[in-house]
Amino acid sequence: MAELNVTSPNLPLAPAEYESRYFAQLNNVLRLYFNQLSNPGDMGGATLNLNITTLPTSADFDTLRSGDVYYDISGGTATSYPLRIKA
C-alpha cells in the first residue's frame, strides 16, 4: 500500500539553456519521490474510519492480504464480533 502522506517535491528551477547538472538533479528528486511512494514504511494514525457494513469476515480469510481488517465470526453473536487484522 502506498503512503498517501508523502509531499510532492520542490523541483529545481530550469536554467535558460541546457545543463546536464539540472537534469541530473531533476532525475534525482523524482527518483527519491517515487521511491517514497513505492516504499511507504510504517504508517501511524490516531483514528481509523471503517465502513462496517462492507468489512470482510473470517470466512474470507484466505483472500485477505496482510494488514486487512475483518470481522472474526468464529464465535459469539453478531453484535459482539471482534475486529481483527490479518498478520
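The structure this text deals with has already been given above.
Small disclaimer: the values here were computed from a predicted structure and weren't measured. (Residues numbered from 1 in each chain as written. Predicted model: local features only at pLDDT ≥ 70, side-chain atom pairs only at ≥ 80, totals over all residues. Heavy atoms only, no water.)

> Describe the packing of aromatic side chains, naming the residues involved and giving the relevant values.
Using the criterion set out here, one finds four aromatic pairs in the structure. Centre to centre, the rings of tyrosine 18 and phenylalanine 23 are 5.4 Å apart; their planes meet at 25°, and the pair counts as stacked. Judged by relative accessible area, phenylalanine 23 falls into the partly exposed class, the value being 37%. Measuring from centroid to centroid gives 5.0 Å for tyrosine 22 and phenylalanine 23, while their planes differ by 75°, and the two rings are edge-to-face. Classification of tyrosine 22 as buried rests on a relative accessible area of 12%. (Phe/Tyr/Trp six-rings, centres within 6.5 Å; stacked < 30°, edge-to-face > 60°. Buried < 20%, exposed > 50% of the residue type's maximum accessible area, 1.4 Å probe, protein only.)

> How would you sum up the environment of alanine 14? Please name residues and give values.
Counting through the fold element by element, alanine 14 comes out in the segment before helix H1 (20-38). In this structure alanine 14 comes out as exposed when scored by relative accessible area, which is 58%. Residues alanine 14 and leucine 26, twelve residues apart in the sequence, show an inter-C-alpha distance of 9.1 Å. (Helix = DSSP H or I, 4+ residues; strand = E, 2+ residues; numbered from the N terminus.)

> With reference to specific residues and values, describe the side chain of lysine 86.
Positionally, lysine 86 belongs in the segment after strand E2 (83-85). It turns out lysine 86 is buried and unbridged, and the closest side chain with the opposite charge, aspartate 62, is 5.9 Å from it. Looking at lysine 86, its side chain comes within polar contact range of the main-chain oxygen of phenylalanine 61, at 3.0 Å. Those residues in contact with lysine 86 that sit more than four places away from it in its chain are Phe61, Asp62, Leu64, Arg65, Ser66, Gly67, Asp68 and Tyr70. (Lys, Arg positive; Asp, Glu negative; His and termini not counted. Salt bridge = Lys/Arg side-chain N within 4 Å of Asp/Glu carboxyl O. Polar contact = N/O pair within 3.5 Å; in protein donor to acceptor, adjacent residues only side chain to side chain. Contact = heavy atoms within 4.5 Å.)

> Tell me about the pattern of salt bridges, and name the residues and values.
Opposite charge on two side chains permits pairing when their charged atoms draw close. Applying the stated criterion to the full structure yields three salt bridges. For arginine 65, the salt bridge is made with aspartate 68, and the minimal N-O distance between the two is 3.5 Å. For arginine 65, a relative accessible area of 61% gives the class exposed. Looking at aspartate 68, the relative accessible area reads 19%, which means it is buried. Arginine 84 is the salt-bridge partner of aspartate 72, the closest N and O atoms lying 3.0 Å from each other. Note that aspartate 72 is positioned in the loop between strand E1 (69-71) and E2 and arginine 84 in strand E2, a separation of twelve residues in sequence.

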